[in-house]
Amino acid sequence: MSNCTKPLIHVSNLCKSYGNSKILSGISFDIESGDLVSVIGPSGCGKSTLLRCLNCLEVLDDGEISIDSIRLLASDHRKNESLFSRRANRLRLNVGMVFQEFNLFPHKTLLGNITLAQTVVKSESVGKARDLAMFLLEKVGLGNFGERYPWSLSGGQKQRAAIARALAMKPKVMLYDEPTSSLDPEMIEEVLQVMRDLDNDGMTQIIVTHEMRFAKDASDYIIYMENGEIVEISDEDEIFINPQDDRTRRFLKRYM
Ligand code: ADP
């Protein structure tokens, strides 16, 4: 992660506060194309806020983010808000985001969910949007579910459909905010498998997760955060077998 020549994602000195509360302090890392990175850490340490910053759902207080050469500097927001917003919109098109609670449109079928943004945001033809939606539903194991509504699906199926919907925008990076936390145990694996399959396809993915077994087995790198800071970034063997920081060791002891 640190040795890459041209990272797909570059984050430098990212800072974010809400009022007087510092939520993220000096976050820096690089991620190469094709990497699967898990972000772990105690509740409230800023993991979701970090993902929201990467998807431009939050305004940065300081620092910079670049994804696929689109660069956002906090200082640009202070200087020229409309230029910053245009750049944030371009950057957001490179990023697909999947939330814990799926956030599918309840009044639309899965095909409707997956074609909507393609036709509205990308002005894709209905036929092409539908073809891609069917391809993606097949890919996440929901090939026969196109005409089904979200209410008729299990949690695992809804989450797989949400992943297909995000993929339909052809993002360069997928972000997942605790994608399996609201699922029954027997459905967790089917969602994690979709992420493993995407990893095999070369998709770049960042996952905030409490699934330590998945983080250990599937990640190229793990970011351990505490109190709005990155404590440690290591590959999966290093962090689980030989954590460098006592805080990481204490956290993993509780989880493993
Ligand atoms: P995590 O994902 O690690 O559980 P979060 O990023 O959700 O942590 O939250 C980090 C801290 O920021 C928490 O203390 C949370 O209460 C606070 N926080 C998150 N969103 C907001 C907000 N919109 N306004 C104020 N505080 C917030």
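Residues numbered from 1 in each chain as written. Predicted model: local features only at pLDDT ≥ 70, side-chain atom pairs only at ≥ 80, totals over all residues. Heavy atoms only, no water.

Draft legend 1. Local environment of the overall build of the chain. A count of helices and strands for the chain gives 10 helices and 10 strands. In terms of overall size, the chain behaves like a compact globule, its C-alpha atoms giving a radius of gyration of 18 Å where 256 residues would be expected to give roughly 18 Å. In terms of overall dimensions, the chain has C-alpha extents of about 50 × 45 × 35 Å along its principal axes. Within the chain, the fraction of its 256 residues that count as buried is 52%. Restricting the contact set of the chain to residue pairs at least 6 apart, pairs at least 24 apart contribute 65%. Here the chain has roughly 12100 Å² of accessible surface; of this, 46% comes from carbon and sulfur atoms. (Helix = DSSP H or I, 4+ residues; strand = E, 2+ residues; numbered from the N terminus. Rg over C-alpha atoms; globule rule 2.2 N^0.38 Å. Buried < 20%, exposed > 50% of the residue type's maximum accessible area, 1.4 Å probe, protein only. Contact = heavy atoms within 4.5 Å. Areas by Shrake-Rupley, 256 points an atom, 1.4 Å probe, with all protein chains shown as cover.)

Draft legend 2. Spatial organisation of the packing of helix α6 (residues 155-167) against helix α7 (residues 185-201). It is at 8 Å that the axes of α6 and α7 come closest, and there the two elements cross at 20°. Considered as vectors, α6 and α7 are oriented roughly parallel to each other. Viewed along their axes, α6 and α7 form a crossing whose handedness is right-handed. Two secondary-structure elements touch here, α6 through G155, G156, Q157, Q159, R160, I163 and L167 and α7 through M187, E190, V191, V194 and L198. When grouped by side-chain class, the residues that make up the contact of α6 with α7 number 6 nonpolar, 4 polar and 2 charged. (Axes fitted to C-alpha atoms, helices over the stretch in contact; angles between N-to-C directions. Parallel < 35°, antiparallel > 145°, perpendicular 65-115°, else oblique. Left-handed = near helix turned anticlockwise from the far one by under 90°. Nonpolar A, V, L, I, M, F, W, Y, C, P; charged D, E, K, R; others polar.)

Draft legend 3. Spatial organisation of the nonpolar core. In this structure, L110, I163, M174 and Y176 are the most contacted members of the largest nonpolar core, which totals 36 residues. For this core, the secondary structure elements donating two or more residues are α4 (110-120), α5 (126-139), α6, β7 (173-177), α7 and α8 (212-218). For this core, the element with the most residues is α7, which contributes 7 residues. Ignoring any residue separated from it by four or fewer positions in sequence, one finds Y176 in contact with L51, V98, I163, M195, L198, Q205, I206, I207 and V208. Of all hydrophobic cores here, the second largest spans 33 residues; its members include L54, I65, F84 and L91. (Core = buried A, V, L, I, M, F, W, Y, C linked by side-chain atoms within 4.5 Å.)

Draft legend 4. Summary view of the packing of aromatic side chains. Taken as a whole and assessed by the stated rule, the structure comprises 1 aromatic pair. A centroid spacing of 5.0 Å and a plane angle of 40° characterise the contact between Y224 and F251, whose relative ring orientation is tilted. You can see Y224 sitting in strand β9 (residues 221-226) and its partner F251 sitting in helix α10 (residues 246-255), a full 27 residues away along the chain. Judged by its relative accessible area of 0%, Y224 falls in the buried class. (Phe/Tyr/Trp six-rings, centres within 6.5 Å; stacked < 30°, edge-to-face > 60°.)

Draft legend 5. Looking closely at the site of the ligand. Neighbouring the ligand are Y18, I23, P42, S43, G44, C45, G46, K47, S48, T49 and R52. Side-chain polar atom of T49 to an oxygen atom of the ligand: 2.5 Å apart, as the coordinates give it. Protein contacts shield 57% of the accessible area of the ligand, which totals 560 Å² for the unbound molecule. The greatest single-element share of the shell around the ligand, amounting to 4 residues, is contributed by helix α1 (residues 47-54). Of the residues assigned to the shell around the ligand, the class counts are 4 nonpolar, 5 polar and 2 charged. (Near = heavy atom within 4 Å. Polar contact = N/O pair within 3.5 Å; in protein donor to acceptor, adjacent residues only side chain to side chain.)

Draft legend 6. Region of interest: the pattern of salt bridges. Counted by the stated rule, this structure contains 12 salt bridges. A salt bridge links E58 to K16; the shortest N-O distance between them is 3.8 Å. With E58 in the loop between α1 and β4 (62-67) and K16 in strand β1 (residues 9-18), the pair connects residues that are 42 residues apart, well separated along the chain. You can call K16 buried: its relative accessible area is 7%. Across the salt bridge formed by R87 and D76, the nearest N and O atoms sit 2.9 Å from each other. Of this pair, R87 sits in helix α3 (residues 81-93) while D76 sits in helix α2 (residues 74-79), and the two are 11 residues apart along the sequence. Salt bridges here are not isolated pairs; linked through shared partners, they connect K16, R52 and E58. (Salt bridge = Lys/Arg side-chain N within 4 Å of Asp/Glu carboxyl O.)

Purely geometric numbers; function is a separate question.
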